[in-house]
Amino acid sequence: MSAFLADPVSAARPKPSRNPAAKPRDGLPGPLLRRDGAAVEWRRSEGLVPYPEAVAEMEARVAAIVAGEAGECVWLLEHPPIYTAGTSARDADLLDAGRFQVHRTGRGGEFTYHGPGQRVAYLMLDLNKRGPDLRRYVASLETWIIATLARFNVAGERREDRVGVWVRRSDRPNLPDGRQLEAKIAAIGIRVRRWITFHGISLNVDPDLEHYSGIVPCGVTGYGVTSLVDLGIPVSMAEVDSALKAEFERLFGATASPAASRLTEAPAS
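Residues numbered from 1 in each chain as written. Predicted model: local features only at pLDDT ≥ 70, side-chain atom pairs only at ≥ 80, totals over all residues. Heavy atoms only, no water.

1. Digging into the overall build of the chain
Applicable threshold: Helix and strand assignments come from DSSP, with helices taken as H or I runs of at least 4 residues and strands as E runs of at least 2, each series counted from the N terminus. Residue burial is assigned from relative accessible area. The probe radius is 1.4 Å, only protein chains are included, and a residue is buried under 20% of its type maximum, exposed over 50%, and partly exposed in between. Any two residues whose heavy atoms approach within 4.5 Å at even a single point are treated as in contact. Only the protein chains shown count as covering a residue, and every accessible area follows the Shrake-Rupley method with a 1.4 Å probe.
Of regular secondary structure, the chain possesses 3 helices and 13 strands. The burial tally for the chain puts 55% of its 269 residues in the buried class. The contacts of the chain with a sequence gap of at least 6 include a subset with a gap of at least 24, amounting to 74%. Approximately 11200 Å² of the chain is accessible, and the part contributed by carbon and sulfur atoms is 52%.

Below you can see the structure in the form of structure tokens.
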């Protein structure tokens, strides 16, 4: 996932540059806390959740938040191997259309891959109560990922022209033009409706990285993809989840165990 999309009733859609020059973003945003201090429901699904079911659950939860019938929620899950296409996806970037199912989705961004070994976190947060600022929200998501990676001694970095989190591959040969190889380890793709967020982030823990070869990931060429295990960090999904939760609470506020809600465990497939 990359980039972001706001419904017309909410806000205008910022358009990141396609300039291939890598420029680090300076400074990190402060915490994006709720004004009332209410806790965020923290959920985790076992098994593989089919993508259409996840989107339907998110849509239902966002509608309930808008109606004042439910609170905020973060949902951790994994999907079966799929490609998803955001609103800016170009057909030419789908290199192997028959490999996996392709899902057209309403999030911002272009093509990306989801599959086992990748931690997806869908965030349904109310920016009306945190500050209606899309750029700050996306920067906060990047900060959340970077802080999580730091717990495993991985230096994640942001780029001005490329949404997501990147790592420098000093263990690999430089590119033909002399630049150091960079690889994407986490992606971001969001949508906002009436300042309620949905979709979210994906962090590569130990997916099959060869599956990315069927697309141009996020429409960006000249860069690689990586994962924690690919970087030599033999970490479990449970350990990653624990780090994500700790850093989320530092940046976004307290979490709470799941209550009765529309979000349900989906069967493995």
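2. Concerning the nonpolar core
Quick note on the threshold: Joining through side-chain atoms within 4.5 Å is the link that ties buried Ala, Val, Leu, Ile, Met, Phe, Trp, Tyr and Cys residues into a set, and such a set is a nonpolar core.
Grouped together as the largest cluster of nonpolar side chains are 41 residues, with contacts concentrated most on Y137, L141, W144, F248 and F252. Sorting the residues of this core by element identifies β2 (40-48), β3 (73-78), β7 (118-124), α2 (134-150), β9 (162-168), β10 (182-193), β11 (196-204) and α3 (237-252) as the ones contributing at least two each. Element by element, the count of residues in this core is highest for α2, at 8 residues. With residues near it in sequence (within four places) discarded, Y137 still touches L32, L123, L125, L127, I190, T197 and F252.

3. Some details on the side chain of S45
Convention followed: For the purposes of these results, a polar contact is taken to be a pair of N or O atoms within 3.5 Å, where, inside protein, one atom must be able to donate a hydrogen and its partner to accept one; residues adjacent in sequence count only when each atom of the pair is a side-chain atom.
Examined against the element boundaries, S45 turns out to sit in strand β2. Within polar-contact distance, the side chain of S45 engages the side chain of W75 at 2.8 Å.

4. Some thoughts on unusual backbone geometry
Even without being a glycine, N153 presents a positive backbone phi close to 60°. Positive phi, normally seen in glycine, also occurs at W195, with a value near 65°. Counting through the fold element by element, W195 comes out in the loop between β10 and β11.

5. So, the sheet that holds strand β6 (residues 111-114)
What counts is decided by this rule: When DSSP finds two or more bridges between a pair of strands, those strands are recorded as paired. Interaxial angles span 0 to 180 degrees and are taken between N-to-C directions of axes, which are lines fitted to C-alpha atoms, for helices over the stretch in contact.
Judged by pairing direction, the sheet is mixed, and its 3 strands sit side by side in the order β5-β4-β6 without closing on themselves. Among the strands making up the open sheet, the edge pair consists of β5 (101-104) and β6. Sheet twist, expressed as the mean angle between neighbouring strand axes with direction ignored, is 30°. Of the pairings in the sheet, the one linking strand β4 (residues 82-85) to β6 comprises 4 bridges and is antiparallel in character. Within β6, the position partnered with I82 by the bridge is H114.

6. What to know about the packing of α2 against α3
How we decide: Each angle gets one of four labels, with under 35 degrees taken as roughly parallel, over 145 as roughly antiparallel, 65 to 115 as roughly perpendicular, and the rest as oblique. We call a crossing left-handed when the near helix sits turned anticlockwise from the far one by less than a right angle, and right-handed when that turn is clockwise. For this classification, the nonpolar set comprises Ala, Val, Leu, Ile, Met, Phe, Trp, Tyr, Cys and Pro, the charged set comprises Asp, Glu, Lys and Arg, and every other residue, Gly included, is treated as polar.
Running from amino to carboxyl end, α2 crosses α3 at an angle of 135°, the nearest separation of the two axes being 9 Å. The orientation of α2 relative to α3 falls into the category oblique. Between α2 and α3 the crossing geometry is right-handed. Contacts between α2 and α3 pair Y137, S140, L141, T143, W144, A147 and T148 from the former with V240, A243, L244, E247, F248, R250, L251 and F252 from the latter. When its residues are assigned to classes, the contact of α2 with α3 shows 10 nonpolar, 3 polar and 2 charged.

7. Some remarks on the pattern of salt bridges
The condition that has to hold: One side-chain nitrogen of Lys or Arg within 4 Å of one carboxyl oxygen of Asp or Glu is enough to make a salt bridge.
Enumeration over the complete set of coordinates arrives at 20 salt bridges. E41 serves as the salt-bridge partner of R61, at 2.8 Å between the closest nitrogen and oxygen. Here R61 is found in helix α1 (residues 51-66), whereas its partner E41 is found in strand β2, with 20 residues between them in sequence. Accessibility assignment for this pair places R61 and E41 in one class, buried.

8. Brief notes about the confidence of the model for the chain
Note the cut-off: The predictor reports its confidence for every residue as pLDDT, a score running from 0 up to 100.
In the predicted model, the chain carries a mean pLDDT of 83, and the fraction of residues at 70 or more is 83%. In the predicted structure, residues 264-269 sits below a pLDDT of 50 and forms 20 contacts with residues beyond four places in sequence or in another chain.

9. Overview of the packing of aromatic side chains
Centre distance and the angle of the planes are the two values used to describe a pair of aromatic rings. Heads up, the rule is: When two rings of Phe, Tyr or Trp (its six-membered ring) have centres within 6.5 Å they constitute a pair, described as stacked for plane angles under 30 degrees, edge-to-face for angles over 60, and tilted for the intermediate range.
A complete count under the given rule lists 9 aromatic pairs for this structure. Note on Y83 and Y113: the rings are 6.1 Å apart at their centroids and 65° apart in plane angle, and the pair reads as edge-to-face. A residue pair is termed long-range when its members are at least 10 positions apart, and Y83 in strand β4 and Y113 in strand β6 qualify at 30 residues. For the pair formed by Y83 and Y113, the shared burial category is buried. With 5.3 Å between their ring centres and 65° between their planes, Y113 and Y212 make a pair best called edge-to-face. Taken together, the residues Y113 in strand β6 and Y212 in the loop between β11 and β12 (224-225) connect sequence positions 99 residues apart. According to the relative accessible area criterion, Y212 is buried, its value standing at 8%. Grouped by ring-pair contacts, the aromatic residues W42, W144, F248 and F252 constitute a single cluster.

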